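Coordinate inspection notes
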Amino acid sequence: MAVGATAAKLHLSSAAAAARRPSMLHLVAVAALCSLSYLLGIWHHGGFSASPAGGGAGAAVSIATAVSCASPTPTLSSSPSSPLDFAAHHTAEGLEEEEAAPRQRAYDACPAKYSEYTPCEDVERSLKFSRDRLVYRERHCPASDAERLRCLVPAPKGYRNPFAWPASRDVAWFANVPHKELTVEKAVQNWIRVDGDKFRFPGGGTMFPRGAGAYIDDIGKIIPLHDGSIRTALDTGCGVASWGAYLLSRNILAMSFAPRDSHEAQVQFALERGVPAMIGVLASNRLTYPARSFDMAHCSRCLIPWQLYDGLYLIEIDRVLRPGGYWILSGPPINWKKHYKGWARTTEDLNEEQQAIEAVAKGLCWKKVKEVGDIAIWQKPTNHIHCKTMHKVIKSPRFCSSQNPDAAWYNKMEACITPLPEVSDIKEVAGGELKKWPERLTAVPPRIASGSIEGVTEEMFVEDTELWKKRVGHYKSVISQFGQKGRYRNLLDMNAKFGGFAAALVRDPVWVMNMVPTVGNSTTLGVIYERGLIGSYQDWCEGMSTYPRTYDLIHANSVFTLYNGRCEMENILLEMDRILRPEGTVIIRDDVDLLVKIKSIADGMRWNSQIVDHEDGPLVREKLLLVVKTYWTLGDNEQ
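Below or above, wherever it landed, is the structure these notes cover.

The rules behind the values
- Residues numbered from 1 in each chain as written.
- Predicted model: local features only at pLDDT ≥ 70, side-chain atom pairs only at ≥ 80, totals over all residues.
- Heavy atoms only, no water.
- Helix = DSSP H or I, 4+ residues; strand = E, 2+ residues; numbered from the N terminus.
- Contact = heavy atoms within 4.5 Å.
- Areas by Shrake-Rupley, 256 points an atom, 1.4 Å probe, with all protein chains shown as cover.
- Salt bridge = Lys/Arg side-chain N within 4 Å of Asp/Glu carboxyl O.
- Buried < 20%, exposed > 50% of the residue type's maximum accessible area, 1.4 Å probe, protein only.
- Pairing = 2+ DSSP bridges.
- Core = buried A, V, L, I, M, F, W, Y, C linked by side-chain atoms within 4.5 Å.
- 1 Å grid on protein atoms, 1.4 Å probe; cavity = no way out; pocket = protein on both sides within 12 Å on 5 of 7 lines; lining within 4 Å.
- Points joined across faces, edges and corners; volume = space filled by probe spheres on them.
- Disulfide = S-S within 2.5 Å.
- Phe/Tyr/Trp six-rings, centres within 6.5 Å; stacked < 30°, edge-to-face > 60°.
- Lys, Arg positive; Asp, Glu negative; His and termini not counted.
- Polar contact = N/O pair within 3.5 Å; in protein donor to acceptor, adjacent residues only side chain to side chain.
- Expected span 1.5 Å × (residues − 1).
- Axes fitted to C-alpha atoms, helices over the stretch in contact; angles between N-to-C directions.

So, on to the overall build of the protein. The helix and strand inventory of the protein stands at 18 helices and 17 strands. Once local pairs closer than 6 in sequence are excluded, the contacts in the protein between residues at least 24 apart make up 70%. Carbon and sulfur atoms make up 55% of the accessible area of the protein, which totals about 27600 Å².

Listed below in structure tokens is the structure:
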């Protein structure tokens, strides 16, 4: 009995052990599955497909990835289900569309009529404003959220990636800007013509029938265009910006602008060519640039009435011209004795107009350098010592007294001369003499060297320049296409500060529009111009004065921190989508908590996005959200 009982106990013990054994194996299996799920999640969301093999960015892990072992089915964040693709597919080589699985979208495509929607230059809204002095063509943004579009502005059917620079200067796809108005209206002036499925830009202009290159050469015989002393230019009423396009080969960067008017898509054509441009007009508000920005300004039959309103428009050009800068005028009334019949105007009328312009220029203390053929050029004085003496006798126009010369965001123009900074000697350049290009790019700008920007030192500027060299190098390591010639052309920096991002890219075949938000330290835009770069003021709670699909790459450094609590994050993201080309790239640099919120919106905008680590590693709270906008056009609702 004792032996039997013992055997029975052993049997029961063995049975219990056997019963327990599957339970322990089950636990081990669950743990293994959880670990495997976690590792798979890291592998799926880590790294960056566009990074070079062996690059440090390949190990970056999306901090938005979340795997839960507590739930029956592990859940991942709404990151794209395939690696991000920064390559261009819809180019000149073909238009084969890739099949993609349908996904739930938070934002629908806007109706077709909004394909070229510019919220602050909307034609229907503009008609509510006065036509006096073209006020209706100025910026008039949606007054309330009810007016804002909550949809994605579509590209036209057949949209293709633009030709790579420099080919884009001379050719563009017709499908991208389907407007023939200019080809008809300006046919004899050689601006633009249709060639099958393309537009051709011969480089002609109303006042340069031999082409923009020959016209610029004529200007270069009068003023020094080739020694680096002239770097930034302003082209008023730019047409399709051929003047600016041909200046680029001479290392001169032009800001071209024209209103959105009956000549459809002037600025849009310029941007499609890869040439800097914005929608703008001289009406009642100041141009959105600080004082002393441009080395020269230009008008080639731009139809601006320079002599009217007490010379107000020429006075505004004086404000934005740097000391010693040049103003170039061709077209009416210059050389009127030759052209008056073609202009269908009387000799008396044209002579009176020229004399009135000459009088305004004299009142501004400008010196007429030369008038040769169709071109007349004036030069602004390098300081106002003599000018102030002269104005003790000549009272008009007066010197402004209390205005901020750099304030230019909905600030009204005044018929008074913006005084230059004081100097102690007649030979001194007011505000400080600029280095010649390219030295001026990295030299400490005079506005910083003089201490005129509060809280900014020379050391801070030098450190910022080096910092952005490092950061741009990191961008190129995680986005291999960033370093590929021809992949990007038009770049936008939404919060440019000193222009360090643009300066780090100066050797690449790109240009950068440097925007300085009006809610931050907007005094730095003058520094950007002193470096030989271009940009504008901007409030990102409003739309930008540009057409849809303007930029190949948008850089947003701390933009959402800056606007946190000021306006809806959604509004800024939808505006970024509007001005970004299909298959364009966005780099958002910000605090990790904000990036997670941004990503939750971006994933419903037909964007593929991924959060990766800061260039200094995973322990830094600031991260990067890298985005690729998917390719889709009107009618592609299934994508």
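Glancing now at the pattern of salt bridges. Across all of its chains, the model carries 38 salt bridges by this definition. Asp227 is the salt-bridge partner of Lys436, the closest N and O atoms lying 3.4 Å from each other. Residue Lys436 is found in the loop between helix 10 (385–390) and helix 11 (439–442), and its partner Asp227 is found in the loop between helix 4 (212–220) and strand 4 (232–236); the two are separated by 209 residues along the sequence. Look at the salt bridges and you will find they share partners, linking Arg471, Arg589, Glu615 and Glu622 into a network.

Further remarks concern the pairing of strand 14 (residues 551–557). Most of strand 14 is tucked away: 7 of the 7 residues are buried. Bridge count for strand 11 (residues 490–493) against strand 14 is 3 bridges, and the pairing is parallel. Looking across to strand 14, one finds that Asp493 is bridged to His555. The pairing of strand 14 with strand 15 (residues 580–591) spans 6 bridges and is parallel.

Let us now look at the nonpolar core. Core analysis: the biggest nonpolar cluster contains 133 residues, and Met296, Trp306, Trp327 and Met576 have the highest contact counts within it. One finds Ile192, Phe201, Val240 and Phe269 within the second-largest nonpolar core, a separate group that totals 9 residues.

Now for empty space enclosed by the protein. Applying the stated criterion across every chain yields a total of 6 cavities of 30 Å³ or more. In this structure, the largest cavity encloses a volume near 290 Å³. Considering the residues around the largest cavity, the lining is formed by 20 residues, among which Arg139, Gly280, Val281, Arg286 and Thr288 are closest to the centre. Counting only elements with at least two residues in the lining of the largest cavity, the list comes to strand 6 (277–279) and strand 13 (535–538).

A few words now on the state of the cysteines. Scanning the entire structure with this criterion turns up 6 disulfides. Cys400 shares a disulfide with Cys416; S-S distance 2.0 Å. Judged by the sign of its S-S torsion, about 100°, the bond between Cys400 and Cys416 is right-handed. Of the two residues, Cys400 sits in the loop between helix 10 and helix 11 while Cys416 sits in the loop between helix 10 and helix 11, which places them 16 residues apart along the sequence.

Overall, the coordinates contain 20 aromatic pairs when judged by the stated rule. On the basis of an interplanar angle of 80° and a centroid distance of 6.3 Å, the ring pair of Trp468 and Phe501 is categorised as edge-to-face. Placement of the pair is Trp468 in helix 13 (residues 458–478) and Phe501 in helix 14 (residues 500–504), with a sequence separation of 33 residues. Accessibility assignment for this pair places Trp468 and Phe501 in one class, buried.

Take Arg531: it is sitting in the loop between helix 15 (525–530) and strand 13. Put simply, Arg531 is tucked away with no salt bridge, and the nearest opposite charge, on Asp464, sits 5.1 Å away. A distance of 3.5 Å separates polar atoms of two side chains, one belonging to Arg531 and the other to Thr465. Ignoring anything within four residues of it in the chain, the contact list for Arg531 reads Trp437, Arg440, Leu441, Thr442, Pro445, Phe461, Thr465, Phe498, Gly499, Gly500 and Ala503.

Once that is clear, we can look at helix 13. Between its terminal C-alpha atoms helix 13 stretches 31 Å, which fits the 30 Å expected from 21 residues at 1.5 Å a residue. Of the residues making up helix 13, those classed as buried are Phe461, Asp464, Thr465, Trp468, Arg471, Val472, His474, Tyr475 and Val478. Buried residues in helix 13 make contact with helix 11, helix 12 (446–449), helix 14, strand 14, strand 15 and strand 17 (622–629).

Here 7 strands make up an open sheet; going across it, the order is 13-12-11-14-15-17-16 and the pairing mixed. Of all the strands in the sheet, the pair left with one neighbour each is strand 13 and strand 16 (607–612). In this sheet, adjacent strand axes meet at a mean angle of 20° when their direction is disregarded. Each of strand 11, strand 14, strand 15, strand 16 and strand 17 touches helix 17 (residues 569–579); the most contacted strand, strand 15, lies at about 145° to it.

What the 3 strands build is an open sheet, ordered 1-3-2; its pairing is antiparallel. Unpaired on one side and paired on the other, strand 1 (171–173) and strand 2 (193–195) mark the two borders of the sheet. In this sheet, neighbouring strand axes are inclined to one another by 35° on average, regardless of whether the strands run parallel or antiparallel. Relative to strand 3 (residues 198–200), strand 1 is paired through 3 bridges, and the arrangement is antiparallel. From the neighbouring strand, Trp173 faces strand 3, where its bridge partner is Lys198.

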